Amino acid sequence: VIRAAQGVIDKPPKWEEVEELLSPWLQPFPAPLESVRSPTDLAGPDSRFVRVLGLKLHYIQAFPRTAASRPKAPTLVLMHGFNGCTFS
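The notes below deal with the structure included here. (Residues numbered from 1 in each chain as written. Predicted model: local features only at pLDDT ≥ 70, side-chain atom pairs only at ≥ 80, totals over all residues. Heavy atoms only, no water.)

1. Structural notes on the overall build of the protein chain
So, point 1. Of regular secondary structure, the protein chain possesses 3 helices and 2 strands.
So, point 2. The secondary structure elements of the protein chain, listed N-terminal to C-terminal, are α-α-α-β-β.
So, point 3. For the protein chain, the proportion of its 88 residues judged to be buried stands at 3%.
So, point 4. Residue pairs in contact within the protein chain that sit at least 24 positions apart in sequence constitute 22% of those at least 6 positions apart. (Helix = DSSP H or I, 4+ residues; strand = E, 2+ residues; numbered from the N terminus. Buried < 20%, exposed > 50% of the residue type's maximum accessible area, 1.4 Å probe, protein only. Contact = heavy atoms within 4.5 Å.)

2. Quick notes on the pairing of strand 1 (residues 47–52)
Looking along a regular strand, one sees side chains alternate from face to face of the sheet.
So, point 1. As paired elements, strand 1 and strand 2 (residues 55–60) share 6 bridges and run antiparallel to each other. The residue of strand 2 that forms the bridge with Val50 is Leu57. (Pairing = 2+ DSSP bridges.)

3. Quick notes on the packing of aromatic side chains
So, point 1. Scanning the model with the defined rule gives 0 aromatic pairs in all.
So, point 2. It is Lys56 that lies over the ring of Phe49; its NZ or CZ is 5.0 Å from the centre. (Phe/Tyr/Trp six-rings, centres within 6.5 Å; stacked < 30°, edge-to-face > 60°. Lys NZ or Arg CZ within 6 Å of the ring centre and 35° of its normal.)

Laid out in structure tokens, this is it:
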């Protein structure tokens with residue numbers, strides 16, 4: 001990996017070689033849509049929201065309701081999403 005990175009530093013790619021890959025990331029975000037319900041309004045009963053570094057994150061608590069049926073295993077956190085997902 002270090003050798004590959006050094007190769008990019010020594011001989012950077014031409015813009016034409018990376019334009020298709022990078023251009024979507026350089027576009028500004030569109031303006032917010034009007035008359036759209038907030039994620040909080042659309043969230044289900046297990047949904048929770050927390051603010052982390054100024055960003056409002058949605059998560060769902062999904063576990064058995066009774067403590068006796070909960071496994072004694074570590075917590076598993078699954079993350080997904082990007083700017084097109086409802087609750088990213």
